[in-house]
Amino acid sequence: MQQSVYQSKRISRTLMCVLTGISLVGFISCSGGGGTNSSDSTAAPKDSSTVAFDPHPSDSATMLSDSLKLPAGFTATTVVENFAGARHIAVAPNGAVFVKLARLKDGKGIYRLMDSNGDGKPDKITGFGDYTGTGIAIRDGYLYASSDTCVYRYKLDSGFNVVDPKHPEKIVTGLLSRGEHEPKAITLDYSGNLYVNIGAYSNACQLQDRQKGSPGQKPCPILDSAGGIWQFKADQPNQTYGDDRRYATGLRNVVGLDWNTATNSLFVMQHGRDQLHDLFPEIWDTKQSAELPAECMYELHKGSNCGYPYIFYDQFQHKKILAPEYGGDGKKTAGEDAQDPVMAFPGHLAPNGLLFYTGSQFPAKYKNGAFIAFHGSWNRAPEPQQGFFVVFVPFSNGKPTGKWEVFANNFSGGDDRTASGAAEHRPCGLAQAPDGSIYVTDDTKRGFIWKISYK
Amino acid sequence: MKKSAVFLLFIGAVAFTGMALKPPAGVEMAGVGVAGVGVARVRIAVPVQSALQASMARGKQVYLQVCLACHMATAVGVEGMNPPLIKTKLVLGDKAALVKIVLNGMKGNVDIDGDTYHGVMAPHSDLTDQQIADVLTYVRNSFGNKASAVTPAQVKAVRATNK
């Protein structure tokens with residue numbers, strides 16, 4: 001049924017089939033992806049804390065963390081908490097912060113936080129948008145926000161207030177959301193284009209997703225309409241797949257992405273595949289499976305192909321390895337037509353936020369480098385989990401130097417919580433403030449937002 | 001029930017009992033070798049205990065191989081991704097519904113006890129009736145859970161009408 005729809009190699013054919021009425025979850029509609037109302041109603045922020053990180057635990061019985069760990073000279077303040085499911089975040093030139101929620105808070109999925117008296121805490125908090133989602137961005141007088149099926153935009157006034165919060169324009173509609181890798185992370189370039197991740201609704205494009213012994217589909221039908229980055233016009237309403245605007249393919253799922261103004265190109269962080277050991281225990285043991293495959297950073301251009309699902313990147317062999325669902329044995333290479341990552345990180349850390357730092361507040365080495373929020377792993381069990389931190393990657397001449405360092409740590413609340421995966425907080429979204437500080441969101445139920453500043 | 005529990009203590013068995021356990025068919029003779037114990041009681045108590053223990057032990061192995069990767073060693077799950085298996089309504093509730101989740105898998109925005117989960121669980125219909133019964137018995141009686149055992153016959157019945 002749905003399978004046969006996607007045997008088509010052409011997007012147009014696929015769309016015709018889809019449009020003839022096959023019931024696809026979330027298609028055409030612009031629903032928010034089934035978010036639930038949060039019971040939290042404590043919008044009012046607590047007192048400002050300007051010395052290191054103050055968790056202001058909302059449930060002290062389960063809160064064990066004392067502070068974020070940062071390099072010398074940096075401090076973190078808790079801007080707000082109880083914004084459960086705080087995903088991506090954008091900051092206007094006047095300092096107004098917009099955050100997209102994956103859970104509705106008092107019925108709203110976007111919040112504008114404004115600190116008008118400069119005490120470090122927002123004093124004007126307004127919610128709008130009755131849909132959940134991940135993506136948010138500001139460009140050329142508009143706020144862009146995504147549900148799991150659509151991208152909307154809202155006109156901003158000169159004070160970066162939303163002019164008509166109840167009537168956004170639908171810029172993109174009808175994106176696939178099939179219960180796996182649904183979030184539509186977005187970013188924009190400076191030439192009027194919007195970039196949207198459409199994650200593959202699968203782990204490795206097996207005939208039966210994540211089922212041991214089920215073969216990989218070749219060609220992978222998912223790639224027709226997902227597993228890549230799509231480019232749309234930033235100012236044109238009601239665009240969808242039919243415009244053949246696929247920008248890059250062969251990407252399993254991207255959540256962290258950002259336009260690099262130094263290179264004038266799009267950089268993305270791919271979430272690598274899961275379950276090498278579960279599905280192929282004869283090839284990979286649990287220790288190898290905890291590290292493989294790499295979480296990869298790619299620099300994309302129109303027509304880029306990163307190889308998913310046929311290959312994955314092995315950061316120890318420094319090779320693109322044929323996926324086992326397609327006959328791979330852990331050693332055979334493949335994907336000669338696929339580009340290499342510009343950088344590889346340990347497996348399963350789940351990069352959810354990417355930010356190129358263009359500010360001047362931080363020391364010079366941070367300029368034009370990349371911050372990456374690693375949400376933290378789950379697919380390393382029974383080995384200890386890892387991640388739950390924000391890392392910094394220095395760039396030189398538009399390329400990562402290959403080194404990375406942990407910038408902000410201890411989101412999990414301690415080593416035991418990191419290892420077990422029972423993290424208190426999970427860093428997700430990143431944004432740069434006009435003063436050069438950076439914001440970090442936490443998409444757990446605790447829903448913190450921190451601001452990290454230097455000196 | 002009470003009698004059975006008291007008796008289990010009397011024979012020094014590990015004090016771990018499911019609720020409302022019935023002796024599985026065909027094992028009446030299993031406890032005959034225990035000396036100095038009333039035969040009638042042995043037929044009930046010893047097989048019950050050893051059957052539960054055996055099922056739990058087998059179930060644990062299934063859990064380690066099949067479930068742990070997503071639900072974690074301590075069944076805490078992963079917030080927002082993979083549900084915990086600790087005292088949730090699905091785990092402690094209707095056994096047929098629970099068996100169906102194992103047989104059919106689960107995906108999408110699943111709401112469990114007020115929290116939403118996005119992870120994908122593959123169908124595990126390749127497991128035998130015995131394996132599914134064992135692992136569910138193990139889960140329903142581990143991690144602080146306490147609920148009745150699941151039998152292979154119950155799994156078989158659900159599988160027969162599944163889908």
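Everything numeric here is computed off the predicted structure, so don't read it as measured data. (Residues numbered from 1 in each chain as written. Chains lettered and ligands numbered in written order. Predicted model: local features only at pLDDT ≥ 70, side-chain atom pairs only at ≥ 80, totals over all residues. Heavy atoms only, no water.)

Peer 1: Lay out the overall build of chain B with the relevant residues and their values.
Peer 2: Counting its secondary structure elements, chain B contains six helices and two strands. Listing the helices and strands of chain B from first to last along the sequence gives α-α-α-α-β-β-α-α. Taking all 163 residues of chain B together, the buried fraction comes to 42%. In chain B, 60% of the contacts between residues at least 6 apart in sequence involve partners at least 24 apart. Carbon together with sulfur atoms contributes 63% to the accessible area of chain B, which is approximately 8400 Å² in total. (Helix = DSSP H or I, 4+ residues; strand = E, 2+ residues; numbered from the N terminus. Buried < 20%, exposed > 50% of the residue type's maximum accessible area, 1.4 Å probe, protein only. Contact = heavy atoms within 4.5 Å. Areas by Shrake-Rupley, 256 points an atom, 1.4 Å probe, with all protein chains shown as cover.)

Peer 1: So what's going on with the overall build of chain A? Which residues, and what values?
Peer 2: Within chain A, the secondary structure is distributed over five helices and 30 strands. In chain A, which comprises 455 residues, the proportion classed as buried is 62%. When contacts within chain A are restricted to residue pairs at least 6 apart in sequence, those whose partners lie at least 24 apart make up 59%. Accessible surface, chain A as shown: approximately 16900 Å² in total, 50% of it carbon and sulfur.

Peer 1: Now, about the pairing of strand S5 (residues 108–114) of chain A: what can you tell me, with residues and values included?
Peer 2: Residues and elements named next belong to chain A. When you tally the buried positions in S5, you get six out of seven residues, the bulk of the element. Pairing of strand S4 (residues 97–105) with S5 involves five bridges; the strand directions are antiparallel. The partner of Lys100 across the bridge, within S5, is Ile110. Counted along the chain from S4 to the antiparallel partner S5, the turn is two residues long, and its residue Asp106 has a positive phi close to 50 degrees. Here S5 pairs with strand S6 (residues 124–128) via five bridges, running antiparallel. The residue bridging Arg112 from the neighbouring strand is Thr126, located in S6. (Pairing = 2+ DSSP bridges.)

Peer 1: Outline the sheet that holds strand S13 (residues 228–233) of chain A, listing residues and values.
Peer 2: The strands making up a sheet are joined through hydrogen bonds of the backbone, oriented either antiparallel or parallel. The strand order across the open sheet formed by five strands is S11-S12-S13-S14-S18 (chain A), and the pairing between neighbours is mixed. Lying at the two open borders of the sheet, with one neighbouring strand each, are strand S11 (186–188) and strand S18 (304–305) of chain A.

Peer 1: Please provide a residue-by-residue account of the pattern of salt bridges, values included.
Peer 2: Residues and elements named next belong to chain A. In this structure the tally under the stated criterion is 19 salt bridges over all chains. Glu180 is the partner of Arg210 in a salt bridge, and the nearest nitrogen-oxygen pair spans 2.6 Å. Linking Arg210 in the loop between strand S12 (193–198) and S13 with Glu180 in the loop between strand S10 (169–172) and S11, this pair joins segments that are 30 residues apart in sequence. Of the two residues, Arg210 and Glu180, neither departs from the other in class, the shared state being buried. Residues joined by salt bridges that share partners form a network here, namely Glu180, Asp209, Arg210, Arg252 and Asp274. (Salt bridge = Lys/Arg side-chain N within 4 Å of Asp/Glu carboxyl O.)

Peer 1: Provide a residue-level description of the packing of aromatic side chains, including the pertinent values.
Peer 2: All names here are of chain A. Tallied over the entire structure, the rule returns 34 aromatic pairs over all chains. Aromatic pair Tyr310 and Tyr326: ring centres 5.0 Å apart, planes at 75 degrees, arrangement edge-to-face. Placement of Tyr310 in the loop between S18 and strand S19 (311–314) and of Tyr326 in the loop between strand S20 (319–322) and strand S21 (343–345) is noted, with a sequence separation of 16 residues between them. The exposure class assigned to Tyr310 is partly exposed, which follows from its relative accessible area of 23%. On the basis of relative accessibility, which here comes to 14%, the residue Tyr326 falls in the buried class. In this structure an aromatic cluster arises from ring pairing among Phe74, Tyr357, Phe362, Tyr366, Phe371, Phe392, Phe407 and Tyr454. The ring of Tyr190 carries Arg139 above its face, with NZ or CZ at 3.9 Å from the centroid. The lysine or arginine in question, Lys218, covers the ring of Tyr310, its NZ or CZ lying 5.7 Å from the ring centre. (Phe/Tyr/Trp six-rings, centres within 6.5 Å; stacked < 30°, edge-to-face > 60°. Lys NZ or Arg CZ within 6 Å of the ring centre and 35° of its normal.)

Peer 1: If you had to explain the packing of helix H5 (residues 129–140) of chain B against helix H6 (residues 152–160) of chain B to someone new, which residues and values would you point to?
Peer 2: Each packed pair of helices is defined by two parameters, the angle between the axes and the distance between the axes. Residue and element names in this part refer to chain B. Relative orientation of the contacting elements H5 and H6 amounts to 115 degrees, with a least axis distance of 8 Å. At the point where H5 passes H6, the crossing takes the right-handed sense. On H6, the residues that touch Asp129, Gln130, Ile132 and Ala133 of H5 are Pro152, Val155, Lys156 and Arg159. Split by residue class, the contact of H5 with H6 holds four nonpolar, one polar and three charged. (Axes fitted to C-alpha atoms, helices over the stretch in contact; angles between N-to-C directions. Left-handed = near helix turned anticlockwise from the far one by under 90°. Nonpolar A, V, L, I, M, F, W, Y, C, P; charged D, E, K, R; others polar.)

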